[in-house]
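Fold and contact review
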Amino acid sequence: MTTTYSGPARLILVDGACISGMASLTTNQRGGLNGWGGTFRPDEITTDLRNAVEGLQLELPYDRVGTVAVTGMRKLLATQVLMSLAGRGPVPF
C-alpha cells in the first residue's frame, strides 16, 4: 500500500532556518524496505537552501516531522526550483 501527502510543508535547515513551500511525498516499498521521499518546492530560494544536503527536517501540518536528505534540485522557472528528497527514518505522513 502506498501512502501519499501533498500540501504545505516547511523545510528546516541545519541552522534552524525554516523555508515554507509545497511538498509532494509518497511511500515506496521496495524489497521489504519501507522508504519514503518526494519533492519540495520552496517559496523562496536562499544560498543556505541551495547548499542544503543532509540533516534536514521536513515539517508537515499537525507537528509531524521527518528527516530528509536532498538528492537533487532542478530549476522550474527563473524563481522556482524543485528539490528531490529522500526520507530517513519513520514516515511522517
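Note: the structure precedes this text.
Throughout what follows, the structure given in this document is the object of discussion. (Residues numbered from 1 in each chain as written. Predicted model: local features only at pLDDT ≥ 70, side-chain atom pairs only at ≥ 80, totals over all residues. Heavy atoms only, no water.)

1. Description of the environment of threonine 2
Mapped onto the fold, threonine 2 is located in the segment before β1 (4–12). With relative accessibility at 52%, the residue threonine 2 sits in the exposed group. As a C-alpha pair, threonine 2 and threonine 71 span 69 residues in sequence and 21 Å in three-dimensional space. Apart from residues no more than four positions distant in its own chain, threonine 2 is found in contact with Thr26 and Thr27. (Helix = DSSP H or I, 4+ residues; strand = E, 2+ residues; numbered from the N terminus. Buried < 20%, exposed > 50% of the residue type's maximum accessible area, 1.4 Å probe, protein only. Contact = heavy atoms within 4.5 Å.)

2. A few points about the pairing of strand β4 (residues 56–60)
Note on strand geometry: in a regular strand, side chains alternate between the two faces of the sheet. A large share of β4 lies buried, amounting to four of its five residues. When β4 meets strand β5 (residues 64–77), the two strands line up antiparallel, connected through five bridges. Each bridged residue has a counterpart across the sheet, and for leucine 58 the counterpart in β5 is glycine 66. Linking β4 to β5, which pair antiparallel, is a turn of three residues; within it tyrosine 62 sits at a positive phi near 65°. (Pairing = 2+ DSSP bridges.)

3. Some details on the pattern of salt bridges
Tallied over the entire structure, the rule returns two salt bridges. When the shortest N-O distance is used, the salt bridge between glutamate 59 and arginine 10 registers 2.7 Å. One end of the pair, glutamate 59, is in strand β4; the other, arginine 10, is in strand β1, with 49 residues separating them in the sequence. Under the relative-accessibility criterion, glutamate 59 is labelled buried at 19%. For arginine 88, the salt bridge is made with glutamate 54, and the minimal N-O distance between the two is 3.1 Å. With arginine 88 in strand β6 (residues 80–88) and glutamate 54 in the loop between α1 (47–51) and β4, this residue pair connects regions lying 34 residues apart in the sequence. (Salt bridge = Lys/Arg side-chain N within 4 Å of Asp/Glu carboxyl O.)

4. Quick word on the nonpolar core
Counting 20 residues, the largest nonpolar core has Leu11, Leu25, Phe40 and Leu58 as the members making the most contacts within it. Looking at this core, the elements that each hand over two or more residues are β1, β2 (18–30), β3 (33–42), β4, β5 and β6. Ignoring sequence-local partners within four residues, the contact set of leucine 58 consists of Ala9, Arg10, Leu11, Ala23, Leu25, Phe40, Arg64, Val65, Gly66, Val68 and Leu85. (Core = buried A, V, L, I, M, F, W, Y, C linked by side-chain atoms within 4.5 Å.)

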